[in-house]
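Observations on the model geometry
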Amino acid sequence: MFNQHKILRVLQLITLLQNKPAKSVRFMANFLECTERTAYRYIDLLKQLGFDIQKDEHNKFFIIAENQTETESFTNEEAHFLIEMVKTVGKENLLKDAVLKKIYLKSEISQQGNLLFKAHLSKLVEKLNLAIANHKKVVLKQYHSVNSNNISDRLVEPIQFTESYNAICAFEIQSQHNKYFNLERIIDVEILETEQEFDHLHLIEKTDVFGFTERNGEKFEVELTLSLRAYILFKEANAGLEKYITKIENTAQYLMKITVNNPKPIISLIKGFKDELEIIGSKSFIAYLKEDKSFKI
């Protein structure tokens with residue numbers, strides 16, 4: 001079954017690999033928020049769809065662009081199927097392989113490489129805004145949790161979006177906690193007729209660039225020097241990082257200074273590009289890394 005989550009991830013990966021530089025499996029796994037084993041499965045799927053997946057001398061992957069000929073424009077049947085695929089979560093159809101490829105080879109909706117995914121997120125934002133305005137509870141359908149590594153529906157009272165609109169702060173009924181839910185991990189939003197009832201418990205906590213709130217008063221100051229390649233890849237991984245990075249004068253390096261509430265996301269990035277950066281601070285962050293048995297420093 002070609003479910004909606006897989007479709008969105010495939011479209012993301014196509015966009016990622018079509019943009020230089022080539023990407024490592026670890027980077028792809030971090031970007032897609034999946035295991036490296038799953039990232040390899042997506043690569044195999046793209047090969048089956050007819051994409052020319054290549055590896056460079058560093059064993060990193062990229063897609064070779066193809067000439068856009070007239071024979072690769074959408075037929076009426078394929079265009080109709082594309083609409084139905086998005087609406088019906090992509091049921092089995094013999095046309096799906098050709099359509100998935102042509103979305104990115106020749107199509108108006110391929111602008112910026114990922115408009116289908118952005119349209120999906122816009123629809124979620126629209127529904128959540130409506131629920132907030134009408135003071136209604138919602139169900140976040142098939143939410144993909146990175147922490148618990150499971151997929152489940154979440155009954156919540158939406159409160160407010162983060163500044164970048166990449167997450168929604170909401171009060172989760174079951175846990176009775178305020179949490180931030182990443183929009184990219186939500187398949188759909190169901191607005192209920194039930195009025196919100198826990199307003200007195202709603203609390204908006206300030207998050208770091210990765211969407212994590214402060215826990216137990218603990219923060220991590222991170223200072224890195226990055227190569228040009230690392231700078232580009234860090235921005236691709238999280239656009240919000242750019243404002244924390246400055247060019248070091250008279251060098252080819254960049255300096256990143258940032259404070260995070262949860263060290264795991266930045267550590268994942270560091271692990272992926274250890275040869276492209278140097279950790280210069282802080283002492284507490286370096287001490288934390290030394291305690292991480294999976295990380296050699």
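I will try to describe carefully the structure that is included in this document. In this convention, every chain numbers its residues from 1, walking through the sequence in written order. Confidence filtering applies because this is a predicted model: local features only for residues at pLDDT of at least 70, side-chain atom pairs given and counted only at 80 or more, and all residues used for totals across whole chains, interfaces and linings. Hydrogens and water molecules were not included; the side-chain quantities draw on all heavy atoms of the structure.

**Section: the overall build of the protein**
Helix numbering and strand numbering both begin at the N terminus, where a helix is a DSSP run of H or I of at least 4 residues and a strand a DSSP run of E of at least 2. The number of helices and strands found in the protein is 9 helices and 11 strands. Per-residue burial for the protein yields a buried fraction of 44% across its 297 residues. Sequence separation of at least 24 residues holds for 61% of the intrachain contacts in the protein that already meet a minimum separation of 6. Burial classification: accessible surface area is computed with a 1.4 Å probe over protein chains only, and a residue below 20% of its type maximum counts as buried, one above 50% as exposed, and the rest as partly exposed. It only takes one pair of heavy atoms within 4.5 Å for two residues to be counted as in contact.

**What about helix H7 (residues 228–237)?**
Turning to H7, its buried residues are Ala230, Tyr231, Leu233 and Phe234. Buried-residue contacts for H7 involve helix H2 (25–32), strand S8 (220–226), strand S9 (245–247), strand S10 (254–260), helix H8 (264–272) and strand S11 (277–281).

**Looking at the sheet that holds S8**
One requirement defines pairing of two strands: DSSP has to find at least two bridges between them. As summarised here, the arrangement of the 4 strands in space is S9-S10-S8-S11, forming an open sheet in which the pairing is antiparallel. Sheet topology places S9 and S11 at the edges, where each strand pairs with a single neighbour. Along the sheet, successive strands turn relative to each other by an average axial angle of 25°, direction set aside. Strand direction decides the pairing type here: S9 and S10, joined by 3 bridges, are antiparallel. When the bridges of S10 are listed, Ile245 appears paired with Met256. Along the sheet, H7 makes contact with S8, S9, S10 and S11, crossing S8 at roughly 130°. Interaxial angle, 0 to 180 degrees, is taken between N-to-C directions of lines fitted to C-alpha atoms, where a helix line uses only the stretch in contact.

**Here we look at the pattern of salt bridges**
Salt bridges are identified by distance alone: a Lys or Arg side-chain nitrogen within 4 Å of an Asp or Glu carboxyl oxygen. Applying the stated criterion to the full structure yields 11 salt bridges. Taking the shortest distance from any N to any O, the salt bridge between Lys127 and Asp188 comes out at 2.8 Å. One end of the pair, Lys127, is in helix H6 (residues 115–133); the other, Asp188, is in strand S7 (residues 188–195), with 61 residues separating them in the sequence. Note on Asp188: relative accessible area 31%, which makes it partly exposed. Here Glu172 and Arg154 are joined by a salt bridge, their closest N and O atoms 3.0 Å apart. With Glu172 in strand S5 (residues 167–172) and Arg154 in strand S4 (residues 150–161), this pair connects stretches of sequence that are 18 residues apart. You can call Arg154 buried: its relative accessible area is 12%.

**Points about the packing of aromatic side chains**
Stacked, tilted and edge-to-face pairs are distinguished by plane angle, under 30 degrees for stacked and over 60 for edge-to-face with tilted covering the rest, among Phe, Tyr and Trp rings (Trp via its six-membered ring) whose centres lie within 6.5 Å. All told, the structure shown has 7 aromatic pairs when counted by the stated rule. Ring centres of Phe171 and Phe198 lie 5.2 Å apart, and the angle between their planes is 35°; on these two criteria the pair is classed as tilted. With Phe171 in strand S5 and Phe198 in the loop between S7 and S8, the pair connects residues that are 27 residues apart, well separated along the chain. Pair check on accessibility: Phe171 and Phe198 agree, each one buried. Aromatic ring contacts, followed pair by pair, group Phe27, Phe234 and Phe273 into a single cluster. Taking NZ or CZ as reference, Lys247 lies 5.6 Å from the ring centre of Tyr254, over its face. Sitting over a ring, as applied to charges here, requires NZ of Lys or CZ of Arg to be within 6 Å of the ring centre and within 35 degrees of the ring normal.

**Considerations on the packing of H8 against helix H9 (residues 283–291)**
Running from N to C, H8 and H9 point in directions that differ by 70°, and their axes come no closer than 12 Å. When the axis of H8 is compared with that of H9, the two are roughly perpendicular. Contact residues: Ile266, Ile267 and Ile270 in H8; Phe285, Tyr288 and Leu289 in H9. We call two directions roughly parallel when the angle between them is under 35 degrees, roughly antiparallel when it is over 145, roughly perpendicular when it lies between 65 and 115, and oblique otherwise.

**Section: the pairing of S8**
Within S8, 5 of the 7 residues are buried, which leaves the element mostly enclosed by the surrounding structure. Inspection of the sheet shows S8 paired to S10 by 7 bridges, in the antiparallel sense. Bridging across to S10, Leu226 finds its partner in Tyr254. Summarising the sheet, S8 and S11 pair through 4 bridges and their orientation is antiparallel. Considered in S11, the bridge of Glu223 is made with Gly281.

**Observations regarding the nonpolar core**
For the purposes of this section, nonpolar cores are sets of buried Ala, Val, Leu, Ile, Met, Phe, Trp, Tyr and Cys residues that join through side-chain atoms within 4.5 Å. If you look at the biggest cluster of nonpolar residues, it comprises 46 residues, and the most contacted ones within it are Met28, Leu46, Leu226, Phe234, Met256, Ile266 and Phe285. In this view, Leu46 contacts Val10, Leu13, Ile14, Leu17, Phe51, Ile53 and Ile63; residues no more than four positions away in its chain are not counted. Leu121, Val156, Leu183 and Ile186 belong to the second largest nonpolar core, which has 16 residues in total.

**Some remarks on the side chain of His144**
Structurally, His144 is set in strand S3 (residues 136–145). Two N or O atoms form a polar contact when they lie within 3.5 Å of each other; inside protein one atom must be a possible hydrogen donor and the other a possible acceptor, and for residues adjacent in sequence the pair counts only when both atoms belong to side chains. Within the structure, the side chain of His144 is placed 2.9 Å from the backbone oxygen of Gln142, a separation counted as a polar contact.

Structural measurements only, silent on function.
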